[in-house]
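Residues per chain, in single letters:
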Amino acid sequence: MDTKIIKIDNDHIDSTKLKEAVDILKNGGLVAFPTETVYGLGADGLNKDASMKIYAAKGRPSDNPLILHISSMKALDDLTKGDSSLGRKLAQAFWPGPLTLIFNKSEKVPLTTTGGLDTVAVRMPSHPIAYELIRQSGVYVAAPSANTSGRPSPTTAGHVIEDMDGRIDMIIDGGKADIGLESTIVDVTGEIPVILRPGFITLEDIERVTGEAEYDRSLFQKPSTENFKPKAPGMKYRHYAPKGQLTIYEGESRNVIQAINKEAAKKQSEGFKVGIIATDETLSSYENGIIKTIGTRKDEKTIASGLFRLLREFDTEQADYIYSESFYDNPLGQAIMNRLLKAAGYHIEKI
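(A) Region of interest: the pairing of strand E5 (residues 99-104). Burial analysis of E5 places 5 of its 6 residues in the buried class, which makes it a mostly covered element. Sheet analysis places E5 next to strand E9 (residues 184-187), joined by 4 bridges and oriented parallel. Counterpart to Leu101 in the pairing with E9 is Val186. Bridge count for E5 against strand E6 (residues 119-123) is 5 bridges, and the pairing is antiparallel. Counterpart to Leu101 in the pairing with E6 is Val122.

Now the structure itself:
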């Protein structure tokens, strides 16, 4: 398959170029496009065959649910059933934006899109290209991240090209994704909102709207059984993984730096290529390997936006082992560590 790559300016959307993408979606094809979180791989979410193309292109397990992207609150009338007042309250507060809500699904939503579940994940993106693509296509766009399954999520069109060139119909280059982490996912099918995947919208943000909220109990631990049914993308399978073995070091900063330096020196002496994820504050403290800064602890948004980029850069550098500091100590810490732990296969050293 020849993948067409087009560039669209976020501030001045070329309607002619966008129409090409719209027509592909209407005809059951696949289009990768930018959102404010990461790049998504879109298809008509109510078209069973189109949804299955997403799984095939990504090599994604079929029980991993897809998120339906919408451009109007009226879509909830089509896609959900039962009492959705809690979800609508959160949608009014945070849509369009980086929040995905889990509702009980209507009969219109095929099980191929929901991974066999009776619930459906819905989001309204704020990125101008994503929003206009969905609105003008007139379809509900199922769109996981536009990477092959298990790889770090793409934050640039270049990342999408690495994974998807020749697998899909079109890639829209809309520049770098601003946030760099996928949306927060919240289950609103119960009385209390439950966070299934942390993201830019935090627990505290949600509590300010609903009064209370909680994290899913399994969020920061490895699923214990293959029979586990994920309620949201990213809950079951290893995600975001670089090719090298990633290990996270947690503890007092001085001790973490000392431990990483010691292990990096050991692996280098054995002939392995080593990568280190540092911050602006600690960059000069490391002595061995390929040392890269993820951002500054003074602005956690730089750390969030730099994570997937660094993991891909270490793949390009062919790092055999990667060592990272931990990042619990900021408002986005839960979201950053959720991705890091999955990328590391839950390899963590507590110092």
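So that's the structure; there's more coming.
(B) Fine view of the packing of helix H4 (residues 85-94) against helix H8 (residues 203-210). Across the interface, H4 lies against H8 with an axial gap of 10 Å and an inter-helix angle of 115 degrees. Between H4 and H8 lies a crossing of right-handed hand. Contacts between H4 and H8 involve Leu86, Lys89, Leu90, Ala93 and Phe94 from the former and Asp205, Ile206, Val209 and Thr210 from the latter. Each residue belonging to the contact of H4 with H8 can be placed in one class, and the counts come to 6 nonpolar, 1 polar and 2 charged.

(C) Molecular detail of the sheet that holds strand E13 (residues 274-278). The parallel open sheet is built from 5 strands, whose spatial order is E14-E13-E15-E12-E16. One side of each edge strand has no neighbouring strand; the edge strands of this open sheet are strand E14 (290-293) and strand E16 (348-350). In this sheet, adjacent strand axes meet at a mean angle of 20 degrees when their direction is disregarded. Against the sheet, helix H11 (residues 333-343) engages strand E12 (245-250), strand E15 (321-325) and E16, with an angle of about 135 degrees to E12.

(D) The arrangement of H11 in detail. Counting buried residues along H11, 10 of its 11 residues qualify, which places the element largely inside the surrounding structure. Listed as buried for H11 are Gly333, Ala335, Ile336, Met337, Asn338, Arg339, Leu340, Leu341, Lys342 and Ala343. On its buried face, H11 is in contact with strand E10 (194-197), E12, helix H10 (300-316), E15 and E16. One or two steps after H11, the chain reaches Gly345, where phi turns positive at roughly 60 degrees.

(E) Spotlight on the pattern of salt bridges. By the definition in use, this model includes 20 salt bridges. We note a salt bridge from Asp163 to Arg151, for which the minimum N-O separation is 3.6 Å. One end of the pair, Asp163, is in helix H7 (residues 157-164); the other, Arg151, is in the loop between strand E7 (141-142) and H7, and 12 residues separate them in sequence. Neither residue differs from the other here; Asp163 and Arg151 are each classed as buried. As a salt-bridge pair, Glu162 and Arg312 come within 3.0 Å of each other at their nearest N and O atoms. On the criterion of sequence distance, the pair formed by Glu162 in helix H7 and Arg312 in helix H10 is long-range, its members being 150 residues apart. One salt-bridge network, in which partners are shared between bridges, spans Arg151, Glu162, Asp163, Arg312 and Asp315.

(F) Inspection of the sheet that holds E10 at higher detail. Reading across from one edge, E1-E8-E2-E3-E7-E4-E6-E5-E9-E10-E11 is the order of the 11 strands in this open sheet, with mixed pairing throughout. If you trace the sheet from one side to the other, it starts and ends with strand E1 (4-7) and strand E11 (214-215), each paired once. Sitting on the sheet, helix H2 (residues 48-58) is in contact with strand E3 (40-44) and E7, with an inclination near 150 degrees to E3. In this fold H4 packs onto E5 and E9, with an angle of close to 160 degrees to the strand it touches most, E5.

(G) Spotlight on the packing of H10 against H11. For the pair H10 and H11, interaxial distance at closest approach is 10 Å and the crossing angle is 20 degrees. If you check the angle between H10 and H11, you find them roughly parallel. In this structure, H10 meets H11 at a crossing whose hand is left-handed. Residues Glu300, Ile303, Ala304, Leu307, Phe308 and Leu311 of H10 form the contact with H11, whose participating residues are Ile336, Arg339, Leu340 and Ala343. For the contact of H10 with H11, the residue count by class is 8 nonpolar, no polar and 2 charged.

(H) Representation of the environment of Gly138 within the structure. Residue placement: Gly138 occurs in the loop between helix H6 (128-137) and E7. Among the residues examined, Gly138 registers a relative accessible area of 63% and is labelled exposed. In the structure, Gly138 is positioned 67 residues away from Ser71 in sequence and 8.8 Å away in space, judged by C-alpha atoms.

Reading the values: the criteria
- Residues numbered from 1 in each chain as written.
- Predicted model: local features only at pLDDT ≥ 70, side-chain atom pairs only at ≥ 80, totals over all residues.
- Heavy atoms only, no water.
- Buried < 20%, exposed > 50% of the residue type's maximum accessible area, 1.4 Å probe, protein only.
- Helix = DSSP H or I, 4+ residues; strand = E, 2+ residues; numbered from the N terminus.
- Pairing = 2+ DSSP bridges.
- Axes fitted to C-alpha atoms, helices over the stretch in contact; angles between N-to-C directions.
- Left-handed = near helix turned anticlockwise from the far one by under 90°.
- Contact = heavy atoms within 4.5 Å.
- Nonpolar A, V, L, I, M, F, W, Y, C, P; charged D, E, K, R; others polar.
- Salt bridge = Lys/Arg side-chain N within 4 Å of Asp/Glu carboxyl O.
- Parallel < 35°, antiparallel > 145°, perpendicular 65-115°, else oblique.

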